[in-house]
Amino acid sequence: MPADTPSFNTIEHAMAELAKADPDIARALPLVGAPSPRERDKGFATFFSTIVSQQLSTEAARAIMGRVNTLLPELHAKAVIEIEGQALRDAGLSWRKIEYAKGLAEAELAGTFSAVGLEQLSDDEAIAAITELRGFGRWSAEIYLMFSLQRPDIFPADDLALRVALGRLKGMDDKPTPKQARQLVEHWSPWRSVGSLFLWHYYRGEPL
């Protein structure tokens, strides 16, 4: 079981530690400031909404989830198993996403996956458990650990904006590959989640 993880109220402290560890962050931090904390709900419903939002705009995903929540006021595994696939299709889910959602619900009910149980697992164990589900890659798993479980040392290197920002921060001619990006931020541990927040913040607010 992992140790108690620091809350994201410690962003200022984490940024100070990152600035000590990395002169590029020390240079950029006064220009754009520290990032804001970000948090998402945890549990089955968040995994369901992750499936819905894949390859959709935020607005489209929100509209579909609004219809799903009308259909299923209590969004849990048993309700998803029991509802007809056509009802979910009418709400806006593709048949592939319905397949993923039903698979998520089946795994939860069978006990082969537990959204609540992830809290008892290490980062690597939780990522492995999530990516066993159909429809969930490493990026989705890492985002869940960062924002829902508030794990402090996650770096979702498959995120394009994150790598573009890291390339700019480091003065590179092009964005690093995911493997290169992970290597470039190894020394940010144990604060790589806050470092990731900073890179997204830097991506939006990088000075000209």
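Here is a short report on the structure shown in this document. Worth saying up front: this structure is predicted, and the values here are computed from it rather than measured.

### Brief notes about the packing of helix α1 (residues 11–21) against helix α2 (residues 23–32)
Packed helices, taken two at a time, are described by the angle between their axes plus the distance between the axes. Interaxial distance between α1 and α2 falls to 5 Å at its minimum, and their mutual angle equals 130°. Considering their axes alone, α1 and α2 lie oblique with respect to each other. For the pair formed by α1 and α2, the contact residues are Met15, Leu18, Ala19 and Ala21 on the first element and Pro23, Ile25, Ala26 and Leu29 on the second. Grouping the constituent residues of the contact of α1 with α2 by class yields eight nonpolar, no polar and no charged.

### Section: the layout of surface pockets
A water-sized probe, rolled over the atoms, reveals where empty space remains. By volume, the largest pocket amounts to about 730 Å³. Forming the walls of the largest pocket are 21 residues, and the residues nearest its centre are Arg40, Ser49, Thr50, Ser53 and Thr58. Counting only elements with at least two residues in the lining of the largest pocket, the list comes to α3 (44–53), α4 (58–71) and α9 (138–147). With five residues, the single largest contributor to the lining of the largest pocket is α3. Its residues assigned to classes, the lining of the largest pocket shows eight nonpolar, eight polar and five charged.

### Thoughts on the side chain of aspartate 159
Inspection of the secondary structure puts aspartate 159 in the loop between α9 and α10 (160–169). Although buried, aspartate 159 forms no salt bridge, and the nearest oppositely charged side chain, arginine 163, lies 7.3 Å from it. There is a polar contact of 3.0 Å between the side chain of aspartate 159 and the side chain of tryptophan 139. Setting aside residues no more than four positions away along its own chain, aspartate 159 makes contact with Trp139 and Trp200.

### A word on α1
Taken as a whole, α1 has its buried residues at Ile11, Ala14, Met15, Leu18 and Ala19. For α1, the angular spread of buried residues about the axis comes to 140°, placing them on one side. Of the exposed residues in α1, those oriented more than 90 degrees away from the buried face are Glu12 and Lys20. Against α2 and α12 (192–205) lie the buried residues of α1.

### What about the nonpolar core?
Core analysis: the largest hydrophobic core is formed by 66 residues, its most contacted members being Phe47, Phe48, Phe113, Ile130, Phe155 and Trp188. Residue-level mapping places this core at the junction of two domains, with at least three residues from each of domain 1 (11–37 + 153–205) and domain 2 (44–148). In this view, phenylalanine 47 contacts Leu104, Phe113, Ala115, Leu118, Ile130, Phe136 and Tyr144; residues no more than four positions away in its chain are not counted.

### Focus on the pattern of salt bridges
Considering all chains together, one arrives at 11 salt bridges under this definition. Between glutamate 82 and lysine 78 there is a salt bridge; the shortest N-O distance is 2.6 Å. A residue pair is termed a helical-turn pair when its members lie 3 or 4 positions apart in one helix, as glutamate 82 and lysine 78 do in helix α5 (residues 77–82) at four residues. Lysine 78 sits in the partly exposed class, given a relative accessible area of 48%. Several salt bridges converge on common partners, so that one network encompasses Asp22, Asp24, Arg27 and Lys170.

### Details of the packing of α3 against α4
Orientation of α3 relative to α4, taken along the N-to-C sense of each, is 130°, at an axis distance of 9 Å. Relative to α4, α3 is oriented oblique. Between α3 and α4 lies a crossing whose hand is right-handed. Touching Phe48, Ser49, Val52 and Ser53 of α3 are Ala61, Ile64, Met65 and Val68, all from α4. Across the contact of α3 with α4, the residue classes tally to six nonpolar, two polar and no charged.

Thresholds, definitions, all that
- Residues numbered from 1 in each chain as written.
- Predicted model: local features only at pLDDT ≥ 70, side-chain atom pairs only at ≥ 80, totals over all residues.
- Heavy atoms only, no water.
- Axes fitted to C-alpha atoms, helices over the stretch in contact; angles between N-to-C directions.
- Helix = DSSP H or I, 4+ residues; strand = E, 2+ residues; numbered from the N terminus.
- Parallel < 35°, antiparallel > 145°, perpendicular 65-115°, else oblique.
- Contact = heavy atoms within 4.5 Å.
- Nonpolar A, V, L, I, M, F, W, Y, C, P; charged D, E, K, R; others polar.
- 1 Å grid on protein atoms, 1.4 Å probe; cavity = no way out; pocket = protein on both sides within 12 Å on 5 of 7 lines; lining within 4 Å.
- Points joined across faces, edges and corners; volume = space filled by probe spheres on them.
- Buried < 20%, exposed > 50% of the residue type's maximum accessible area, 1.4 Å probe, protein only.
- Lys, Arg positive; Asp, Glu negative; His and termini not counted.
- Salt bridge = Lys/Arg side-chain N within 4 Å of Asp/Glu carboxyl O.
- Polar contact = N/O pair within 3.5 Å; in protein donor to acceptor, adjacent residues only side chain to side chain.
- Arc of directions from axis to C-beta.
- Core = buried A, V, L, I, M, F, W, Y, C linked by side-chain atoms within 4.5 Å.
- Domains from an automatic or database assignment.
- Left-handed = near helix turned anticlockwise from the far one by under 90°.

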